[in-house]
Amino acid sequence: MELYILGVKQSDGFGQWVRLPVAESELPAGSLTVCLLDDNGSYFEGIAEAADRSQLPSLNRLALLLQSLSEAEEAKLNALLECESSTSICVVERLVAQLPQTALFVGVTDDEALGRYHMEHNLHIVLPRQIAVHFDYRGYGAALRERNLGIFTSAGFLMYNF
């Protein structure tokens, strides 16, 4: 995941992409637009906004933060972005700061899988087979979800305040 800035010249309408962080002297001429791109070079919807040259220091800091994310942290950030109703560079900054308080249970896509995963991996409880066949993992997972502990995303279950 990387942050880019696009400078568009007013005279011809053509622009130049520059990957952040960048020195002010290397900024392209013209009006600036900041965009967040994923590893496939796709835009994150809604995360393309006008930028002022005075924002460069904070944009460079954010770019360095994004570059330092581990694969797991990047997956959590993608899941957090998926849950946002509106996105902007400010939202991305807030979500990056929240990464330590979240957990992504990759592949957990329903209440039963959530109940089983949470019990085994978070509580470290493995029920004996004789009891496990009678335990309501789906109900337990639904109770976790209903207490607003998280949300299902395309990547798995995103738990808050982990």
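In case you missed it, the structure is sitting above this.
Residues numbered from 1 in each chain as written. Predicted model: local features only at pLDDT ≥ 70, side-chain atom pairs only at ≥ 80, totals over all residues. Heavy atoms only, no water.

From N to C terminus, the protein chain includes six helices and seven strands. Helices and strands appear in the protein chain in the N-to-C order β-β-β-β-α-α-α-β-α-α-α-β-β. A buried classification covers 37% of the 162 residues belonging to the protein chain. Nonlocal contacts in the protein chain, meaning residues at least 24 apart in sequence, comprise 58% of its contacts between residues at least 6 apart. For the protein chain, the exposed area adds up to about 9300 Å²; of that, 51% sits on carbon and sulfur atoms. (Helix = DSSP H or I, 4+ residues; strand = E, 2+ residues; numbered from the N terminus. Buried < 20%, exposed > 50% of the residue type's maximum accessible area, 1.4 Å probe, protein only. Contact = heavy atoms within 4.5 Å. Areas by Shrake-Rupley, 256 points an atom, 1.4 Å probe, with all protein chains shown as cover.)

Two numbers describe how helix α2 (residues 71-83) lies on helix α3 (residues 89-98): the axes approach to 10 Å, and their chain directions differ by 130°. Taken together, the axis directions place α2 and α3 in an arrangement best described as oblique. As for how α2 packs across α3, the hand of that crossing is right-handed. Every residue of α3 that contacts α2 at L77, L80 and L81 is listed here: V92, L95 and V96. Class assignment for the residues of the contact of α2 with α3 results in six nonpolar, no polar and no charged. (Axes fitted to C-alpha atoms, helices over the stretch in contact; angles between N-to-C directions. Parallel < 35°, antiparallel > 145°, perpendicular 65-115°, else oblique. Left-handed = near helix turned anticlockwise from the far one by under 90°. Nonpolar A, V, L, I, M, F, W, Y, C, P; charged D, E, K, R; others polar.)

A few words on the pairing of strand β5 (residues 102-106). Burial analysis of β5 places four of its five residues in the buried class, the great majority of the element. Sheet topology note: the β5/strand β7 (residues 156-160) ladder contains five bridges and is antiparallel. Within β7, the position partnered with A103 by the bridge is M159. (Pairing = 2+ DSSP bridges.)

Moving on, we get to the nonpolar core. Within the largest apolar cluster, 29 residues are counted, with the highest numbers of intra-cluster contacts made by L3, I5, L20, L59, L66 and L77. L20 has contacts with L3, Y4, I5, L56, L59, N60, A63 and Q67, leaving out every residue within four places of it along the chain. Counting seven residues, the second largest nonpolar core, distinct from the first, contains V108, L144, F157 and M159. (Core = buried A, V, L, I, M, F, W, Y, C linked by side-chain atoms within 4.5 Å.)

Such coordinate-based values are descriptive only and should not be taken to indicate function.
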